[in-house]
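Here is what each chain is made of, one letter per residue.
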Amino acid sequence: QLQLVESGGGLVQPGGSLRLSCKASGFTLDYYAIGWFRQAPGKEREGVSCISGSGGITNYADSVKGRFTISRDNAKKTAYLQMNSLIPEDTAVYYCAAFRGLFSRCLLPNRYDYWGQGTQVTVSS
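Note that the structure is a prediction, hence the values are computed from the model and not measured. (Residues numbered from 1 in each chain as written. Predicted model: local features only at pLDDT ≥ 70, side-chain atom pairs only at ≥ 80, totals over all residues. Heavy atoms only, no water.)

### Description of the overall build of the chain
- The helix and strand tally for the chain stands at zero helices and 11 strands.
- Starting at the N terminus and walking to the C terminus, you meet the elements of the chain as β-β-β-β-β-β-β-β-β-β-β.
- Here the C-alpha atoms of the chain give a radius of gyration of 13 Å, agreeing with the 14 Å that 2.2 N^0.38 yields for 125 residues.
- Once the C-alpha set of the chain is aligned to its principal axes, its extents read approximately 40 × 25 × 25 Å.
- Considering the chain as a whole, with its 125 residues, one finds that 42% of them fall into the buried category.
- If you take every contact in the chain between residues at least 6 apart in sequence, the share linking residues at least 24 apart comes to 59%.
- In the form shown here, the chain has an accessible surface area of approximately 6,400 Å², with 47% of it arising from carbon and sulfur atoms.
- With 13 positive and 9 negative side-chain charges, the chain shows a spacing of 5 Å between the two charge centroids. (Helix = DSSP H or I, 4+ residues; strand = E, 2+ residues; numbered from the N terminus. Rg over C-alpha atoms; globule rule 2.2 N^0.38 Å. Buried < 20%, exposed > 50% of the residue type's maximum accessible area, 1.4 Å probe, protein only. Contact = heavy atoms within 4.5 Å. Areas by Shrake-Rupley, 256 points an atom, 1.4 Å probe, with all protein chains shown as cover. Lys, Arg positive; Asp, Glu negative; His and termini not counted. Charge placed at Lys NZ, Arg CZ, Asp CG, Glu CD.)

Below is the structure:
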């Protein structure tokens, strides 16, 4: 049974920070690339960041570059998204996802095979 479970979302003021976690079970995480995605109501799912299985390669959407940092701890079977300098446009449900294969096109949702249930992030005064 392969599962990804997100946690760490919540309500934060503009300029604040949150750290999201993605815990894996049922498979060896270091074989898989991990991506973070977000979806606001009425919007398409958007790639935020992704990281290779070893953690050696990372990519970021232009909208979050310089503010968000993706990382992973394969021994803990956990990936993270550190979100700083949050703005209201960051409000969305955030999902983590995983795929095994060539590390390419990793900000495209249809690249991924396994998805978590999502965690709500709301940035508001």
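From this point, the discussion proceeds with the structure in view.
### Focus: the nonpolar core
- With 28 residues, the main nonpolar core has Trp36, Phe68, Leu81, Met83 and Tyr94 as its most contacted residues.
- For this core, the elements supplying multiple residues, two or more each, are strand S3 (18-25), strand S4 (33-39), strand S5 (46-51), strand S7 (68-73), strand S8 (78-83), strand S9 (92-99) and strand S11 (119-123).
- Ala33, Ala97, Phe99 and Tyr112 belong to the second largest nonpolar core, which has seven residues in total. (Core = buried A, V, L, I, M, F, W, Y, C linked by side-chain atoms within 4.5 Å.)

### Notes on the packing of aromatic side chains
- All told, the structure shown has eight aromatic pairs when counted by the stated rule.
- Taking 5.0 Å as the distance between ring centres and 80° as the angle between the ring planes, the aromatic pair formed by Phe37 and Tyr112 counts as edge-to-face. Here the residue Phe37 occupies a position in strand S4, and Tyr112 occupies one in the loop between S9 and strand S10 (114-115), the gap between them amounting to 75 residues.
- Following the ring pairs from residue to residue traces out a cluster consisting of Phe37, Tyr95, Phe99, Tyr112 and Trp115.
- Above the plane of the ring of Tyr80 lies Arg19, whose end atom (NZ or CZ) is 4.4 Å from the centre.
- Its guanidinium or amino end placed over the ring of Trp115, Arg45 lies 4.8 Å from that ring's centre, counting from NZ or CZ. (Phe/Tyr/Trp six-rings, centres within 6.5 Å; stacked < 30°, edge-to-face > 60°. Lys NZ or Arg CZ within 6 Å of the ring centre and 35° of its normal.)

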